[in-house]
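# Structural overview
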Amino acid sequence: MTAVETMPRPAADATGTAELVSAAKLRPAQAQGVFRAVLDALARPGTVTRFPADVAAEVPPALLPVLALADLGTGICVLEEDGARRWSDVVSVATNAPAVPLEKARLVAAVRTVTPEEILRLTRGAADAPEDGAVLCLPVTALEGASRVWRLSGPGVPGERDVAPQGLPDGFFEARAEAVGGFPAGVDLLLAAPDGRLMGLPRSTTVTAMTAMTDAVSEEES
């Protein structure tokens, strides 16, 4: 078996993260609740699910899927401000999962805006190993109310479903289209709002960006 290339593991006390590590260690019932929310979000694209209400308020919601799903054999990556490793350290210590570079991570969480370039760097797996594609959970301002509407279709969507999450980066549509273009290889995305609500965009979902005049700008994804 090929060894996982890992980043140096931090010492929680040395970086002042001991209290956050304690808060980030999910109890079994909390982890199960997060897992169910993630599965539901990916099974029903565009619908809103919710993380358990009793998780620590100081933990950013976008970190919860990594905290619940990571294990010793799953490479993880946390995207935060340049030079910062506060939440990377917390997640690494709380889960004991290996911290790896973005391109090698199976579970990725962001505590800042994600760039299109980072979406394109996510591992996509392969046609014969789609399970190796990354899952990225990124923060949004809200799950509704944006001026741009997305029209979703595909597995798990009865007909079509319109959504309008706020706070996504410019170029998100184009980057996601490329990242899922080799379906069944590709990446699965989760959008986490500050109030603990969650929406899924699995690789199997076709997204069409609608203009204000409802003219469709097609983002065709296999």
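Below: a short report on this structure. What you see is a predicted model; the values in this text were computed from it and never measured. (Residues numbered from 1 in each chain as written. Predicted model: local features only at pLDDT ≥ 70, side-chain atom pairs only at ≥ 80, totals over all residues. Heavy atoms only, no water.)

### A few points about helix α6 (residues 172-179)
A large share of α6 lies buried, amounting to 6 of its 8 residues. For α6, the complete set of buried residues consists of Phe172, Phe173, Ala175, Arg176, Ala177 and Ala179. (Buried < 20%, exposed > 50% of the residue type's maximum accessible area, 1.4 Å probe, protein only. Helix = DSSP H or I, 4+ residues; strand = E, 2+ residues; numbered from the N terminus.)

### Considering helix α4 (residues 86-95)
Extensive coverage of α4 is indicated by the burial of 9 of its 10 residues. For α4, the secondary structure elements touched by its buried residues are α1 (18-24), α3 (64-69) and β2 (76-79). Asn96 sits one or two positions beyond α4 and adopts a positive phi of about 65°. (Contact = heavy atoms within 4.5 Å.)

### Let's talk about the pattern of salt bridges
Throughout the structure, instances matching the rule amount to 11 salt bridges. Arg112 is the salt-bridge partner of Glu118, the closest N and O atoms lying 2.6 Å from each other. For the pair Glu118 and Arg112, a shared accessibility class is recorded, and that class is buried. Residues joined in a network through salt bridges with shared partners are Glu144, Asp195 and Arg197. (Salt bridge = Lys/Arg side-chain N within 4 Å of Asp/Glu carboxyl O.)

### Some remarks on the packing of aromatic side chains
The final tally for this structure, using the stated rule, is 3 aromatic pairs. Each ring, one from Trp150 and one from Phe172, has its centre 5.4 Å from the other, and the planes form 20°; the classification is stacked. With a gap of 22 residues between them, Trp150 in strand β7 (residues 149-153) and Phe172 in helix α6 connect regions that are remote in the sequence. By relative accessible area, Phe172 is classed as buried at 2%. Between Phe172 and Phe173, the aromatic rings sit 6.4 Å apart at their centres with planes inclined by 75°, giving edge-to-face as the arrangement. Pair check on accessibility: Phe172 and Phe173 agree, each one buried. Here a set of aromatic residues connected by ring pairs shows up, and it is made of Trp150, Phe172 and Phe173. (Phe/Tyr/Trp six-rings, centres within 6.5 Å; stacked < 30°, edge-to-face > 60°.)

### Here we look at unusual backbone geometry
Note the cis peptide between Phe183 and Pro184, where omega equals 15°. Relative to the assigned elements, Pro184 resides in the loop between α6 and β9 (188-192). The backbone phi angle of Asn96 is positive, close to 65°, even though this residue is not glycine. Relative to the elements of secondary structure, Asn96 occurs in the loop between α4 and β3 (107-110).

### Thoughts on the nonpolar core
If you look at the biggest cluster of nonpolar residues, it comprises 35 residues, and the most contacted ones within it are Leu26, Phe51, Leu63, Leu64, Leu67 and Leu198. Broken down by secondary-structure element, the contributors of at least two residues to this core are α1, α2 (28-43), α3, β2, α4, β3, β6 (135-139) and β9. Look past the residues within four positions of Leu198 in its chain and what remains in contact with it is Ala37, Val38, Ala41, Thr47, Val48, Thr49, Phe51, Cys137, Leu143, Leu190, Leu191 and Ala192. The next biggest cluster of nonpolar side chains, apart from the first, holds 32 residues, and it includes Leu102, Leu138, Val163 and Ala209. (Core = buried A, V, L, I, M, F, W, Y, C linked by side-chain atoms within 4.5 Å.)

### Comments concerning the side chain of Arg203
Here Arg203 shows up in the loop between β10 (197-201) and β11 (206-210). A polar atom in the side chain of Arg203 sits 3.3 Å from the backbone oxygen of Gly186. (Polar contact = N/O pair within 3.5 Å; in protein donor to acceptor, adjacent residues only side chain to side chain.)

### Brief notes about the pairing of β2
Side chains of β2 alternate between two faces, with Ile76 and Val78 and Cys77 and Leu79 buried alike. For the handedness criterion, the β-α-β arrangement of β2, α4 and β3 is classed as left-handed. (Right-handed = clockwise from strand over helix to strand, strands pointing away.)

### Remarks on the sheet that holds β2
Adjacent strands of a sheet form backbone hydrogen bonds with each other and so pair up, either parallel or antiparallel. The 6 strands lie next to each other as β1-β10-β9-β6-β3-β2, forming an open sheet whose pairing is mixed. The outermost strands of the open sheet, each flanked by one partner alone, are β1 (49-50) and β2. The pairing of β9 with β10 spans 4 bridges and is antiparallel. Note on β10: the bridge partner recorded for Leu191 is Met199. Along the sheet, α2 makes contact with β1, β9 and β10, crossing β10 at roughly 45°. (Pairing = 2+ DSSP bridges. Axes fitted to C-alpha atoms, helices over the stretch in contact; angles between N-to-C directions.)

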